Amino acid sequence: MNASVEFDEIRPYHDEELPQVYEELIADEAFRQAVETVMPGVPVEVWSQKMRACKTKLEFQKTFCYRLLWKLAKEATDGLTLEHTALPVDKSVAYTYISNHRDIILDSGFLSILLVDQGMDTVEIAIGDNLLIYPWIKKFVRVNKSFIVQRALTMRQMLEASARMSRYMHYTIGEKKQSIWIAQREGRAKDSNDRTQDSVLKMLAIGGEGDIIDRLMEMNIAPLAISYEYDPCDFLKAQEFQLKRDIEGYKKTKADDLLNMQTGLFGYKGRVHFQTSACINDELAKMDRSLSKPELFARMSALIDKRIHASYRMYPNNYVAHDLLEGNEDFSDHYTAEDKQRFTDYMEQQLERISIPDKDVDFLRGKMLSMYANPLKNYLAAIKE
């Protein structure tokens, strides 16, 4: 089957399709309102003319997304950095960056602008269709080099969709030589105890040639660690923990998803660091190919987890949270009294933002402390081995 036809439903737009999509977006009132929110006071005629002048997706990203994301980084972080030295800069090699998941939009967005600043291309992005709640969002993300992960499907449809997405990702890495970003799991780890889901690797191993190891080696997997000093959604995650505890079958609404997205985008994050580790192909090549599939996938997930955990950047908050949670001062040499006071004040402010029936402050505080302590626990375990 012609690749461009097979993947039409999920792939980013081809550059030659952009003029038509631009016109559809410009004519969409909801899209215009969204642009007004992020570019207040800029006349429609001005931004639409700039949009029409972008001949490629990368040009569009550099004209609009790059500037907006750096503006956001300056307003909502105390610094955004990337350590990419574990991977050789070779533009003929594309990587599958598998990372822990901190923010729906910014994980891949910040990575892309940091890569551009190091003279590299932006990444294609796996994005769940559950987030594409308006028609203009689906069009916009496909202009912005996203491919669609289809979720609300029957079991049979899900298997077919996973197989197609896997073939698309192999095609993107192998034929297009285009790097990809994908989260290590569906949804964020609410407690920041980041673990790779075997199902992600199983999906990647559907496409390609050879056995499981060969197929995953084709993907050039590079584990990527994302470290936030402060998680702006920490109080929302803690709130969700209590609601799930207290209400049987509790599920977030679309309004909740939008609030999480908005808070994650614009909320204060402190210092934010991205760090790649080496491509795992060398380790995959050493694995015993006679192992059962479950054992192979478990070992591969553990390998990725260890690389991510060992690449975290630790902040004073992580050490303070660990000590507060354990009721000791084992890590007091990693923070000052001012660091501790700043973090405890921050925690109380975040707890104040939670407004739910029967608010269990001790439970909520414990959940929030775990979010900051878990990366440290995982980091210490990873560097010990």
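Here the structure is a predicted model, which means the values were calculated and not measured. (Residues numbered from 1 in each chain as written. Predicted model: local features only at pLDDT ≥ 70, side-chain atom pairs only at ≥ 80, totals over all residues. Heavy atoms only, no water.)

Caption draft 1: Structural context of the packing of aromatic side chains. Scanning all chains against the criterion turns up 17 aromatic pairs. Seen in terms of ring centroids, tryptophan 136 and phenylalanine 140 are 6.5 Å apart; in terms of plane orientation they differ by 65 degrees. Their pairing is edge-to-face. With tryptophan 136 and phenylalanine 140 both in helix α7 (residues 135–143) and four residues apart, this pair spans about one turn of that helix. Classification of tryptophan 136 by relative accessible area gives buried; the value is 15%. Take phenylalanine 140: its relative accessible area is 25%, and that puts it in the partly exposed class. Three or more aromatic residues joined by ring pairs form one cluster here, namely Tyr22, Phe31, Trp47, Phe60, Phe64, Trp136 and Phe140. Here the guanidinium or amino end of arginine 142 rests over the ring plane of tyrosine 13, the centre of that ring lying 4.4 Å away. (Phe/Tyr/Trp six-rings, centres within 6.5 Å; stacked < 30°, edge-to-face > 60°. Helix = DSSP H or I, 4+ residues; strand = E, 2+ residues; numbered from the N terminus. Buried < 20%, exposed > 50% of the residue type's maximum accessible area, 1.4 Å probe, protein only. Lys NZ or Arg CZ within 6 Å of the ring centre and 35° of its normal.)

Caption draft 2: Highlighting the packing of helix α4 (residues 44–52) against helix α5 (residues 57–76). Between α4 and α5, the shortest axis-to-axis distance is 8 Å and the interhelical angle comes to 135 degrees. Overall, the two elements α4 and α5 adopt an arrangement that is oblique. Touching Trp47, Lys50 and Met51 of α4 are Phe60, Phe64 and Arg67, all from α5. (Axes fitted to C-alpha atoms, helices over the stretch in contact; angles between N-to-C directions. Parallel < 35°, antiparallel > 145°, perpendicular 65-115°, else oblique. Contact = heavy atoms within 4.5 Å.)

Caption draft 3: Molecular detail of the domain arrangement of the chain. Taken domain by domain, the chain comprises domain 1 (3–10 + 77–235 + 246–314) and domain 2 (317–384). The interface of domain 1 with domain 2 comprises 19 residues on the first partner and 20 residues on the second. Buried area between domain 1 and domain 2, summed over both chains or domains, comes out near 1800 Å², and the portion from carbon and sulfur atoms is 57%. Summed over the three residues of domain 1 that lose the most area to domain 2, namely Asp234, Phe235 and Met314, the buried surface amounts to 39% of that side. The interface formed by domain 1 and domain 2 contains zero salt bridges. Linking domain 1 with domain 2 are ten residue pairs in polar contact (both at pLDDT 80 or more), by the criterion used here. Sorting the residues of the side of domain 1 that touches domain 2 by element identifies α11 (234–246) and α14 (293–310) as the ones contributing at least two each. By residue number, the principal contributor to the side of domain 1 that touches domain 2 is α14, which donates three residues. Tallied by class, the residues present in the side of domain 1 that touches domain 2 amount to six nonpolar, three polar and ten charged. (Domains from an automatic or database assignment. Buried area = accessible area lost by both parts, 1.4 Å probe. Salt bridge = Lys/Arg side-chain N within 4 Å of Asp/Glu carboxyl O. Polar contact = N/O pair within 3.5 Å; in protein donor to acceptor, adjacent residues only side chain to side chain. Nonpolar A, V, L, I, M, F, W, Y, C, P; charged D, E, K, R; others polar.)

Caption draft 4: Layout of the pattern of salt bridges. Applying the stated criterion across every chain, the model contains 27 salt bridges. Across the pair lysine 237 and aspartate 231 runs a salt bridge, and its minimum N-O distance is 2.6 Å. Assessed through its relative accessible area of 1%, lysine 237 is described here as buried.

Caption draft 5: Region of the structure containing the packing of helix α15 (residues 316–326) against helix α17 (residues 361–384). Closest axis-to-axis distance for the α15/α17 pair is 8 Å, and the angle between their directions is 120 degrees. With respect to α17, the axis of α15 lies oblique. The two elements α15 and α17 meet at a crossing, and its hand is left-handed. Side by side, α15 and α17 meet where Asn317, Asn318, Tyr319, Ala321, His322, Leu324, Leu325 and Glu326 of the first sit next to Gly366, Leu369, Ser370, Tyr372, Ala373, Pro375, Leu376 and Lys377 of the second. (Left-handed = near helix turned anticlockwise from the far one by under 90°.)

Caption draft 6: Local environment of the pairing of strand β5 (residues 180–183). Of the two faces of β5, both are covered, the one formed by Ile180 and Ile182 as well as the one formed by Trp181 and Ala183. Of the strand pairs in this sheet, strand β3 (residues 124–128) and β5 are connected by two bridges, and their pairing is parallel. Of the residues in β5, the one forming a bridge with isoleucine 125 is tryptophan 181. (Pairing = 2+ DSSP bridges.)

Caption draft 7: Unusual backbone geometry, seen in detail. Unlike most non-glycine residues, asparagine 220 shows phi in positive territory, near 50 degrees. Structurally, asparagine 220 is set in the loop between α10 (212–217) and β6 (221–228). On the basis of relative accessibility, which here comes to 17%, the residue asparagine 220 falls in the buried class. Of note, the phi angle at aspartate 358 is positive, near 50 degrees, even though the residue is not glycine. Looking at the element boundaries, aspartate 358 is found in the loop between α16 (337–352) and α17. Residue class for aspartate 358 comes out exposed when judged on its relative accessible area of 67%.

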